[in-house]
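Take a look at the letters that make up each chain.
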Amino acid sequence: MTERARTTTETTDSGPGGYAAARLRLLQEGSRSGPPRRSALAELTDHWLAALLTGGAGTAGIGQGVALVAVGGYGRGELSPRSDLDVLLLHDGTAGSSALASLADHVWYPVWDMGLALDHSVRTPDEARKTAGEDLKVQLGLLDARHIAGDAALTAGLRTAVLADWRTQAPRRLPELHELCQERGQRHGELQFLLEPDLKEARGGLRDATALRAIAASWLADAPREGLDDARRRLLDARDALHLATGRATDRLALQEQDQVAAALGLLDADTLLRQVYESARTVSYASDVTWREVERVLRARSAARPRLRGLLRGRGGGRAGAGSGTDAGERSPLAEGVVEQGGEVVLARAARPERDPVLPLRAAAAAAQAGLPLSLHAVRRLAAAARPLPVPWPPEAREQLITLLGAGESTVEVWEALEAEGLITRLLPDWERVRCRPQRNPVHRWTVDRHLVETAVRASALSRRVGRPDLLLVAALLHDIGKGWPGNHSVAGETIARDVAARIGFDRADVAVLATLVRHHLLLIETATRRDLDDPATVRSVAEAVGSPVTLELLHALTEADALATGPAAWSAWRGSLVADLVKRVAAVLAGEPAADSTAPQQTTAEQERLAIEAWRTGGPVLALHARSEALPPGKTGILPAGVEGPPEAEEPTGSEPIGVELLIAVPDQPGVLPAAAGVLALHRLTVRAADLRAVGLPAELEGPADAGKAAGVLLLSWRVAAEYGSLPQAARLRNDLLRALDGSLDIVARLAEREAAYRKYPRRRGVHAPPPRVTIAPGSSELATVVEVRAQDVPGLLHRIGRALEDAAVAVRSAHVSTLGANAVDAFYVTDTSGAPLKPTRAAEVAQEVEGALRQG
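The structure reproduced in this document is the subject of the present report. (Residues numbered from 1 in each chain as written. Predicted model: local features only at pLDDT ≥ 70, side-chain atom pairs only at ≥ 80, totals over all residues. Heavy atoms only, no water.)

## Focus on the overall build of the protein chain
Part 1 of the reasoning: A count of helices and strands for the protein chain gives 32 helices and 17 strands.
Part 2 of the reasoning: Out of the 859 residues in the protein chain, the part that is buried amounts to 52%.
Part 3 of the reasoning: Pairs at least 24 apart in sequence give 73% of the contacts found in the protein chain among residues at least 6 apart. (Helix = DSSP H or I, 4+ residues; strand = E, 2+ residues; numbered from the N terminus. Buried < 20%, exposed > 50% of the residue type's maximum accessible area, 1.4 Å probe, protein only. Contact = heavy atoms within 4.5 Å.)

Put into structure tokens, the structure is as follows:
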């Protein structure tokens, strides 16, 4: 740094009147925030940089011919507390390079000394235009160029030239800009659905809002203005608060910062903040979709017009030929009453009268979704402004059009978003307001509540051929989580809302009752199948009583699958699907009048399970078998690695479109400590347990008798679905040897896991949200033969081992175990009995739950 630049810093930033002090005072003012603070910060920075330029120009001996220009966000006067300063030192080329370098030192170094991020360049107007022509990001920044100090005519000339270049080059540059926006959205996701969104880079964020300004500057198209400026302001306000909360130039709204940001913005809580951010992002995203569609239409029309114009100029009658080739933008094709297609969009017919036709909004939406076309912005706004409210209950046509819209598949989403952007959805379904843009903090969910409901309907439309009443399936899909907008159990609240909505849209009493049951019990099948013992007749009977009829069971089965598929990849798999299908088959048999299975009869075992059990009984030790399975694998890729036979050094978990995982079967003579020992060995070998089942296996009659009195009374069979933490599986022989050592006490699993945890703690971890404490409860009435202990906890290595130890310490016998993992959450159910094989007394059951919870909290 030159001595003259250092002197400038000292004179500009010294004392209470210096830039640093003034900047700090401005940022600490509680009374000024939002756009006024951003503008004031930009103005304050302008004065400081202008003084630096003036002092530097005098020192360097430069008169006219230089200007300091703010570009990008700074050019728009939108300085957040930690924003970069995007500055261009513009010159006419008459000053020498050494003088320009000296002037740049006087401006740049004080900025760096302040610790501010600076994006700077020194260029002539021609150089700036040439760079903009080669780099789209530079061109976008120059579109917001604003004069700070120096030769104002130089800045004005650059602005005029850059805007002219942009408008001339727009047909070529806008597709490039669209591609950049799409790539950025794919990398960063959709802001309106992310729990930790990037306010700037994610789709629907500030970058997209800037792109809309660039499109407007091209004069080719313009974004819908209503609500866009407010949405952009709210996103900027959230970023300001985030900068002040973190003290960093970050645009990612991390979970641990959300409460502080919400408080700074005067909002109730983090959920209110996210909902406001999501609403803003949705406005920007919808405006982007509409605007880019218009850009494509204009460019397509221009491209089609050129050959017709060339034909006219050459005297070939090109106008007549052009009019007969392809679909003219002015042609209209009927789709439904009052609805036509024009120019690749769905618009209202000229004779349509929304003010006299209350079903028209639903008819237009259904027609658009069925045709796979977007609803035009003008049509949606005309419908929102003029359409009459539907009578209650709805006429049959309105209900049918809603069902047609929901059954259109993927194209439903875009049409639904268009209706929602103009407030038509909440007008049709007032209860929708409470779930609109509502965040879901469970990481298993990938969508907000409202979008999840629409996505579930999309998934349900693909399953509609499986059910006799597809209309009820689609409406249940749309309403199944509608209770999440209310306090308490959302299924209970949703049942009441579903009754009201179903009656409102015109279903009869019987159908209303079915829809209410579907909403009330939409989680029943998946929770029962993954957390309960399906061989216990009490389990099947309880589901049958809740469902009530085969028709409802059929619908609930399809709804369960659609709901899980719309939730996210962690919520559904072939394994979960097979469990649900098994439960449905058993419940259907009970509903058909067949007696429930005799719970006292020995459970049926497969030939392989029987073989493993016999071998374990005869050898007195564990026997293992590994099955690597995936739906996408061709036949012949399934292998068995029996005990004592080493498999390949690295048996990788198979990959495919629907991986089921790796199944590990362990047969071991019945003895204390089997569950914690096996779970601990799996944890030591870095195997993640995705699902588990434990049960006693009966032996063939010929193996029972006095001669075998010295052997174990029975064999335990543990079925695990596991995945290797780092992509490869251990050898079966190593698993068996470690399990033997764990059972005889020579392998101290607790100490080994503690050593690993201590090693992990040596390394810094990314700061995140603290997981809620584990919770252990008793599920009353879930079984006639055992007590069901349900554990909900953060899924961490060794969790199942710790639960098993806690149950062993509580002196209860584990009759069966059912492990289910959803994202970072484990929900495990253990069927336990006392030492005599009877269910626990209520007081003892409560004590066991308390003991297990206490052990998990200590661990």
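## Focus: the pairing of strand 6 (residues 339-342)
Part 1 of the reasoning: In this structure, strand 5 (residues 333-336) lies alongside strand 6, joined through three bridges in antiparallel fashion. Its bridge partner lying in strand 6, Ala336 is registered against Val339.
Part 2 of the reasoning: Between strand 5 and the antiparallel strand that follows it, strand 6, lie two residues; Gly338 among them carries a positive phi value of about 80 degrees.
Part 3 of the reasoning: Turn length for the strand 6-strand 7 (residues 345-348) hairpin, with the two strands adjacent in sequence and antiparallel, is two residues, and the turn residue Gly343 shows positive phi of about 60 degrees. (Pairing = 2+ DSSP bridges.)

## Overview of the side chain of Glu790
Part 1 of the reasoning: Within the fold, Glu790 resides in strand 15 (residues 787-794).
Part 2 of the reasoning: Reaching out from Glu790, the side chain makes a polar contact with the side chain of Arg532 at a distance of 3.2 Å.
Part 3 of the reasoning: At 2.9 Å, the side chain of Glu790 forms a polar contact with the side chain of Arg792.
Part 4 of the reasoning: With sequence-adjacent residues up to four places away left out, Glu790 is seen in contact with Arg531, Arg532, Arg775, Val776, Thr777, Val827, Asp828 and Ala829. (Polar contact = N/O pair within 3.5 Å; in protein donor to acceptor, adjacent residues only side chain to side chain.)

## Points about the sheet that holds strand 3 (residues 118-123)
Part 1 of the reasoning: Ordered in space as 3-2-1-4, the four strands form an open sheet in which the pairing is mixed. Each having just a single partner strand, strand 3 and strand 4 (146-150) make up the two edges of the open sheet. Neighbour to neighbour, the strand axes of the sheet diverge by 25 degrees on average, direction disregarded.
Part 2 of the reasoning: Summarising the sheet, strand 2 (residues 85-91) and strand 3 pair through six bridges and their orientation is parallel. Following the sheet pairing, Leu90 is matched in strand 3 by Arg123.
Part 3 of the reasoning: Helix 3 (residues 34-60) contacts strand 1 (66-70), strand 2 and strand 4 of the sheet and is inclined by roughly 35 degrees relative to strand 4.
Part 4 of the reasoning: On the sheet, helix 5 (residues 97-113) packs against strand 1, strand 2 and strand 3 and is oriented at approximately 170 degrees with respect to strand 3. (Axes fitted to C-alpha atoms, helices over the stretch in contact; angles between N-to-C directions.)

## Comments concerning the sheet that holds strand 5
Part 1 of the reasoning: Strand order in the open sheet made by the three strands is 5-6-7, with antiparallel pairing throughout. Each edge of the open sheet is held by one strand with a lone partner, namely strand 5 and strand 7. Averaged over all neighbouring strand pairs, the angle between strand axes comes to 40 degrees, with direction disregarded.
Part 2 of the reasoning: Taken together, the four bridges between strand 6 and strand 7 define a ladder with antiparallel strand orientation. Its bridge partner lying in strand 7, Gln342 is registered against Glu345.

## Remarks on the pattern of salt bridges
Part 1 of the reasoning: With the rule as written, the count across this model stands at 49 salt bridges.
Part 2 of the reasoning: Residue Asp144 pairs with Arg76 through a salt bridge whose shortest N-O separation is 2.8 Å. Note that Asp144 is positioned in the loop between helix 7 (136-142) and strand 4 and Arg76 in the loop between helix 4 (72-75) and strand 2, a separation of 68 residues in sequence.
Part 3 of the reasoning: The exposure class of Asp144 is buried, given its relative accessible area of 11%.
Part 4 of the reasoning: For Arg76, a relative accessible area of 24% gives the class partly exposed.
Part 5 of the reasoning: Here Arg436 ties to Glu433 by a salt bridge, and the two come within 2.9 Å at their closest N and O atoms.
Part 6 of the reasoning: On the basis of relative accessible area, Arg436 is assigned to the buried category, the value being 19%. (Salt bridge = Lys/Arg side-chain N within 4 Å of Asp/Glu carboxyl O.)

## Overview of helix 26 (residues 574-591)
Part 1 of the reasoning: The end-to-end C-alpha separation of helix 26 is 25 Å, in line with the 26 Å expected for 18 residues at 1.5 Å each.
Part 2 of the reasoning: Those residues of helix 26 that fall on the buried side of the exposure criterion are Ala574, Trp575, Arg576, Gly577, Leu579, Val580, Leu583, Val584 and Val587.
Part 3 of the reasoning: Among the residues of helix 26, the N-terminal cap falls to Ser573, whose side-chain oxygen and the backbone nitrogen of Arg576 are separated by 3.2 Å. (Expected span 1.5 Å × (residues − 1).)

## Section: the packing of helix 25 (residues 550-567) against helix 26
Part 1 of the reasoning: Look at helix 25 against helix 26: their axes get within 10 Å of each other, and the N-to-C directions meet at 175 degrees. With respect to helix 26, the axis of helix 25 lies roughly antiparallel. Taking contact as the criterion, the partners of Pro550, Leu553 and His557 in helix 25 are, on helix 26, Val580, Ala581, Val584, Val587, Ala588 and Leu591.
Part 2 of the reasoning: Looking at side-chain class alone, the contact of helix 25 with helix 26 contains eight nonpolar, one polar and no charged residues. (Parallel < 35°, antiparallel > 145°, perpendicular 65-115°, else oblique. Nonpolar A, V, L, I, M, F, W, Y, C, P; charged D, E, K, R; others polar.)

## Thoughts on unusual backbone geometry
Part 1 of the reasoning: Of note, the bond from Val392 into Pro393 is cis; its omega dihedral lies within 30 degrees of zero at -5 degrees.
Part 2 of the reasoning: Within the secondary structure layout, Pro393 lies in the loop between helix 15 (377-386) and helix 16 (396-406).
Part 3 of the reasoning: The phi dihedral of Trp219 falls on the positive side, at around 70 degrees, and the residue is not glycine.
Part 4 of the reasoning: Among the secondary structure elements, Trp219 is positioned in the loop between helix 9 (206-218) and helix 10 (228-246).

Spatial relationships are all this shows, so hold off on functional conclusions.
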